[in-house]
Amino acid sequence: ERVISPETKKVIENHWKECINNAEYKEESSQEKHYVLSMFPYPSGNLHMGHVRVYTISDAMARFFRMCGKNVLHPMGWDAFGLPAENAAIQRGIPAQKWTESNIQNMKSQLEKLGCSFDWSREIATCQPEYYKWTQYLFLRLFREGLAYLREALVNWDPIDETVLADEQVDENGCSWRSGAKVEKRLLKQWFIRTTRFAKELLEGLDSSSLEDWRDIIKLQKHWIGDCDGYTFDFAVVSRHPEQKPAISTLNLWTQKPELLKVTCFVGISPTHPLAGNTENFKVMNPFTGQKIPIVVSEDGDFPPGCDAFLGTSTTDPGNPNEAEEVLQKAQNLGIGGFPVSSKLKDWLISRQRVWGTPIPIIHCPDCGPVTVPEHSLPVTLQQIQEEHVSCPECNNPSARREKDTMDTFVDSSWYFLRFLDAKNNDEIFRKDLARKTMPVDLYIGGKEHAVLHLYYARFMNHFLHSIGLVPQSEPFRRLLVQGMVMGRSFRVKGTGKYLPESEVEILDEKRNKAVEKASRKPVVVTWEKMSKSKLNGVDPEEVFEELGIDTTRLVILGDVAPFSHRNWSRTTFPGLINWQKRLWMTVYDFCLLRQEASSSEMPKDAKFAEEEAKLSDARNYYVKGATFHFRHTHQISVAISKMQGLTNSIRRAPKEVVQFGKEYQRTLGTQIIMLAPLAPHFASELWVRFSQGAQKNDAFDFDKDVLQQTWPEVDQEYELDLTAKVNSLELASKKIPRRILDRMTREEASKIALERDEIIKFIGNKKILNTIVEFYPGLEIVVNVIAEKSNRKKESSLEKQQQSC
């Protein structure tokens, strides 16, 4: 059939679904590795359109890099612990484990249906003892290094979910990030991880040249960490009367001048501090002088931002700046702080008072206090923490008890990218040689809602593991692709704000978003918002798969807008991509038919035929360059798709005799199908088989292999590419140079060509050249950016406008 029907698409997808997902990472391969990772999902039971977008982007990128000859690691797992599963299981009267496992199986089948080429041999779930054993191992390593500790603190209590929340999980209105409840303050003994120990390293790491394309995420991370312009110290609270115990045993104090710790006269606390009601019975032990100093309640003391305590010193004693280093070293040796940090950044509170989480591997002994579970006894299972008593590992006291709190699920996800390297290893958390070979993650894909907390915790954990020699680099993620949300069109009755389903709305003017409620004729406000059940604007992926087919859904979710922009899910975008598929199908159909007819005819030798072939050669190189650049360097898959559509238009303009006999036509059409494969793998696989049946066999392609095993097309060696010249990032000139020369060009040669361009010479004039930055895009382009002083900004701005208008 020359015109493909929706039914045929489904037959094609059903036929190829078992053949297109062979995606194992080969640990011993000599190929260059490329680690493509999408943030693993919470198994809610069903995919939503946000899932469809992130995992289609991830799959397209993984398939692209495989076709470029990379050994791609593209794993998948499940962030399976947490409150939603526990609450859902309680409501249904079933175990959380059973509920979670059922959801995982359903979502896994949906991901496979979507055509995602994950390496399922590395599948993990954080609720499996085989996984959380190693989360507990990390806790023990942190504890051993003095970075996990138990302390009384005024904490955030969620009255709905009945658990403690970290400061990071409370919004600006004082409400829980998950339940929305107004958070209460309670004084509880909780487990913390000392993330502030690496605050300065985490801040400075954001300026590392190893981070690519982090965009505004760097600003978000820097804002969260703050300027590390001071130091924190832990001071012990001591009682004047041995029988009295303070509400909290330690005061955490921050100062920009550590030398003042030797001349501290008192400690000031706010009226809301847990010690505020009983200061006369307690003092603070200054570890640097051995003196016990008083605690004073103050409403308007010199509190550092984000702190409820401050150091009080004599106004006449400035301290000795030469003793900074001595104080810091002593504090670090004592394990009471002394590392640079901002005043607002706090340690990570990880205790959660819920069942469905990783048990904290601690045993509380009446004689020994908190004792770590021996490594050989891991994992501590969910069943074990229900036991009433257990023997102490140190003194064998039978009256000890296990810690019943579980860890925040962000601990589970702070290191999962490392377990994927060695997911079945029962003897080690992961092999160090695999970490050296595979880390960092080359491309990390996920939502912006995780750009602060998850990234901060994951970066901290990797910095810690680097400090103890388990991973090769401190930063875990080289490049980020932060995808935008999928937006649904919502309808609200004007005045009341009541949301309506689309079926109850009459659209009066599509372009101007004018609509009314059918029943009442009241005006309706039409907007694009994040899809949600409450807004009645969600779309079920299964219904989309049924209507459009898998590959069309993938093309629609990838097309039109860049991955990092919000995607309005609108039916108006469907026809363009559906028609593109139809045109490709017809093109291959006509190619095969005309090639059969041509078997008894002679190939034309006139100039017109040669001219048309040359046009196709130029189009192939031009669009391969554009599509490859946007796949590899900008990750703007939507632009790559538009380049491919441009190539399709060039192919379809070819005269009949070129379709019948043209070698360049065959090469260009084959190239088109290969570039489609990462986006629409089922459809491209079928097109390739049909194309191969009509094609004349030559060395341009490997016709013994399927389309996904083909090599990604490259620009011809003689095709002229651009050496682009800029001044202060303003593009001013370019020179065409054959690829074979451009690819061998040195930094000095490229700079010389750029600086000899008349446009560059004229623009720079007498201004001093400060630096020359050369960016190489092998096989595609070289960009030379000349950094010159900006002596006359007004004149330069005028010139820039003139250049831009040209």
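Being a predicted model, the structure only gives us computed values, none of them experimental.

## Section: the overall build of the protein chain
Next, step 1: Helix and strand content of the protein chain: 24 helices and 32 strands.
Next, step 2: Taken along its principal axes, the extent of the C-alpha atoms in the protein chain is 110 × 75 × 65 Å.
Next, step 3: By residue count, 54% of the 806 residues in the protein chain fall in the buried class.
Next, step 4: Across the protein chain, every contact between residues at least 6 apart in sequence was considered, and the portion connecting residues at least 24 apart equals 74%.
Next, step 5: About 36600 Å² of surface is accessible on the protein chain, with carbon and sulfur atoms providing 48% of the total.
Next, step 6: Of the charged side chains in the protein chain, 105 are positive and 109 negative, and the gap between their average positions amounts to 4 Å.

## Looking at the pattern of salt bridges
Next, step 1: Under the defined criterion, the tally for this structure stands at 48 salt bridges.
Next, step 2: Put simply, Asp560 and Arg567 hold a salt bridge, and the shortest N to O gap is 3.5 Å.
Next, step 3: Through salt bridges with shared partners, one network takes in Glu27, Asp119, Arg122, Arg431 and Asp433.

## Observations regarding the UniProt feature "domain: Aminoacyl-tRNA synthetase class Ia" (unreviewed entry) in the protein chain
Next, step 1: Those residues carrying the UniProt feature "domain: Aminoacyl-tRNA synthetase class Ia" (unreviewed entry) are residues 15-211 and 345-488 in this numbering.
Next, step 2: Secondary structure content for residues 15-211 is 37% helix and 19% strand, while the C-alpha to C-alpha distance between its ends is 41 Å.
Next, step 3: Structurally, residues 345-488 is divided into 21% helix and 19% strand, and its ends, taken at the C-alpha atoms, are 37 Å apart.

## A look at the packing of aromatic side chains
When we look at a pair of aromatic rings, we describe it by the centre distance and by the angle of the planes.
Next, step 1: The full count for this structure, using the stated rule, is 39 aromatic pairs.
Next, step 2: Through pairs of rings, three or more aromatic residues link up here, namely Phe40, Tyr416, Phe417, Phe420, Tyr444 and Phe477.
Next, step 3: One cation-aromatic arrangement involves Arg215 over Phe564; the distance from NZ or CZ to the ring centre is 3.9 Å.
Next, step 4: Directly above the ring of Phe763 sits Lys767, whose terminal nitrogen or CZ lies 5.0 Å from the centroid.

## Details of the pairing of strand E7 (residues 184-193)
Next, step 1: In the sheet, strand E5 (residues 148-158) pairs with E7 via 10 bridges, with the strands oriented antiparallel. Along E7, the bridge assignment pairs Trp157 with Glu184.
Next, step 2: Bridge count between E7 and strand E15 (residues 348-349): 2 bridges; the pairing is antiparallel. Pairing of Phe192 across the sheet is with Leu349, part of E15.

## Description of the side chain of Gln221
Next, step 1: Residue placement: Gln221 occurs in helix H7 (residues 217-225).
Next, step 2: Here Gln221 is in contact with Leu206, Ala451, Val452, Leu455, Tyr456 and Arg459, once residues within four sequence places are set aside.

## Looking at the environment of Asp540
Next, step 1: With respect to the helices and strands, the residue Asp540 is situated in the loop between strand E27 (523-530) and helix H13 (541-548).
Next, step 2: By relative accessible area, Asp540 is classed as partly exposed at 34%.
Next, step 3: Measuring from C-alpha to C-alpha, the distance between Asp540 and Phe477 comes to 32 Å, with 63 residues separating the pair along the chain.
Next, step 4: Within the local environment of Asp540, its side chain forms a polar contact with the backbone nitrogen of Glu542, the two atoms lying 3.0 Å apart.

## Concerning helix H1 (residues 6-16)
Next, step 1: For H1, the complete set of buried residues consists of Thr8, Lys9, Ile12, Glu13 and Trp16. Buried residues of H1, viewed axially, fall in a sector of 135°; they line one side. Turned more than 90 degrees away from the buried face of H1, the exposed residues are Glu7, Val11 and His15.
Next, step 2: Buried residues in H1 make contact with H13, helix H14 (550-558), helix H15 (574-597) and helix H20 (681-694).

## Let's talk about the sheet that holds strand E2 (residues 71-73)
Next, step 1: Spatially, the 4 strands line up as an open sheet ordered E2-E1-E21-E22, and their pairing is parallel. Bordering the open sheet on either side are E2 and strand E22 (480-483), each of which pairs with just one other strand. Strand-to-strand twist of the sheet, defined as the mean angle between neighbouring strand axes without regard to direction, takes the value 15°.
Next, step 2: Two strands pair when backbone bridges link them, and strand E1 (residues 33-38) and E2 are joined in this way by 3 bridges, in the parallel orientation. Along E2, the bridge assignment pairs Tyr35 with Leu73.
Next, step 3: Where helix H2 (residues 49-67) meets the sheet, its contacts fall on E1, E2, strand E21 (443-447) and E22, and the angle it forms with E1 comes to roughly 175°.

## Here's the deal with the sheet that holds strand E19 (residues 401-402)
Next, step 1: Taking strand neighbours across the sheet as the criterion, the 3 strands line up as E18-E17-E19 in an open arrangement whose pairing is antiparallel. The outermost strands of the open sheet, each flanked by one partner alone, are strand E18 (369-372) and E19.
Next, step 2: Note: strand E17 (residues 362-365) against E18, 4 bridges, orientation antiparallel. Its bridge partner lying in E18, Ile363 is registered against Val371.

## Considerations on the environment of Ile160
Next, step 1: With respect to the helices and strands, the residue Ile160 is situated in the loop between E5 and strand E6 (163-165).
Next, step 2: Of the residues examined, Ile160 reaches a relative accessible area of 56% and is grouped as exposed.
Next, step 3: For the pair formed by Ile160 and Glu718, sequence separation is 558 residues and the distance between their alpha carbons is 68 Å.
Next, step 4: Beyond its immediate stretch of four places on either side in the chain, Ile160 contacts Ser179 and Ala181.

## Some details on unusual backbone geometry
Next, step 1: With an omega of 5°, the peptide bond running from Leu378 to Pro379 counts as cis.
Next, step 2: Along the chain, Pro379 turns up in the loop between E18 and E19.
Next, step 3: For the bond from Met439 to Pro440, the omega torsion is 0°, close enough to zero to count as cis.
Next, step 4: By the element assignment, Pro440 lies in the loop between helix H11 (432-438) and E21.
Next, step 5: Of note in this structure, His635 is not a glycine but carries a positive phi near 60°.
Next, step 6: Here His635 is to be found in the loop between helix H16 (607-634) and helix H17 (637-652).
Next, step 7: For His635, a relative accessible area of 3% puts it in the buried group.
Next, step 8: The backbone of Ser729 sits at a positive phi, close to 75°, despite the residue not being glycine.
Next, step 9: Tracing the backbone through its elements, the reader meets Ser729 in the loop between strand E29 (720-727) and strand E30 (730-738).

## A few points about the packing of helix H19 (residues 663-676) against H20
Next, step 1: Packing of H19 against H20 leaves a shortest axis separation of 8 Å and a crossing angle of 160°. Viewed along their axes, H19 and H20 adopt a mutual orientation that is roughly antiparallel. The element H19 and its partner H20 pack so that their crossing is left-handed. Residue-level contacts link Gln666, Leu669, Gly670, Ile673, Ile674 and Leu676 of H19 to Phe683, Ala684, Leu687, Trp688 and Phe691 of H20.
Next, step 2: Broken down by class, the residue content of the contact of H19 with H20 amounts to 9 nonpolar, 2 polar and no charged.

## Things to note about the packing of helix H3 (residues 83-92) against helix H4 (residues 96-113)
Next, step 1: Relative to each other, H3 and H4 sit at 110°, their axes nearing to 8 Å. Taken as axis vectors, H3 and H4 run roughly perpendicular relative to one another. Both H3 and H4 take part in a crossing whose hand is right-handed. Judged by residue contacts, Ala85, Glu86, Ala88, Ala89 and Arg92 of H3 engage Ala96, Trp99 and Thr100 from H4.
Next, step 2: Across the contact of H3 with H4, the residue classes break down as 5 nonpolar, 1 polar and 2 charged.

## A word on the pairing of strand E12 (residues 292-297)
Next, step 1: Examined bridge by bridge, strand E10 (residues 264-269) and E12 share 3 bridges and lie parallel to one another. From the neighbouring strand, Val267 faces E12, where its bridge partner is Ile295.
Next, step 2: The pairing of strand E11 (residues 282-285) with E12 spans 3 bridges and is antiparallel. Along E12, the bridge assignment pairs Val284 with Ile293.
Next, step 3: Connecting E11 to the next strand, E12, in antiparallel fashion are 6 residues, including Gly290 with a positive phi near 80°.

Conventions used here
Residues numbered from 1 in each chain as written. Predicted model: local features only at pLDDT ≥ 70, side-chain atom pairs only at ≥ 80, totals over all residues. Heavy atoms only, no water. Helix = DSSP H or I, 4+ residues; strand = E, 2+ residues; numbered from the N terminus. Buried < 20%, exposed > 50% of the residue type's maximum accessible area, 1.4 Å probe, protein only. Contact = heavy atoms within 4.5 Å. Areas by Shrake-Rupley, 256 points an atom, 1.4 Å probe, with all protein chains shown as cover. Lys, Arg positive; Asp, Glu negative; His and termini not counted. Charge placed at Lys NZ, Arg CZ, Asp CG, Glu CD. Salt bridge = Lys/Arg side-chain N within 4 Å of Asp/Glu carboxyl O. UniProt positions renumbered as here; feature names shortened; annotations may be inferred. Phe/Tyr/Trp six-rings, centres within 6.5 Å; stacked < 30°, edge-to-face > 60°. Lys NZ or Arg CZ within 6 Å of the ring centre and 35° of its normal. Pairing = 2+ DSSP bridges. Polar contact = N/O pair within 3.5 Å; in protein donor to acceptor, adjacent residues only side chain to side chain. Arc of directions from axis to C-beta. Axes fitted to C-alpha atoms, helices over the stretch in contact; angles between N-to-C directions. Parallel < 35°, antiparallel > 145°, perpendicular 65-115°, else oblique. Left-handed = near helix turned anticlockwise from the far one by under 90°. Nonpolar A, V, L, I, M, F, W, Y, C, P; charged D, E, K, R; others polar.

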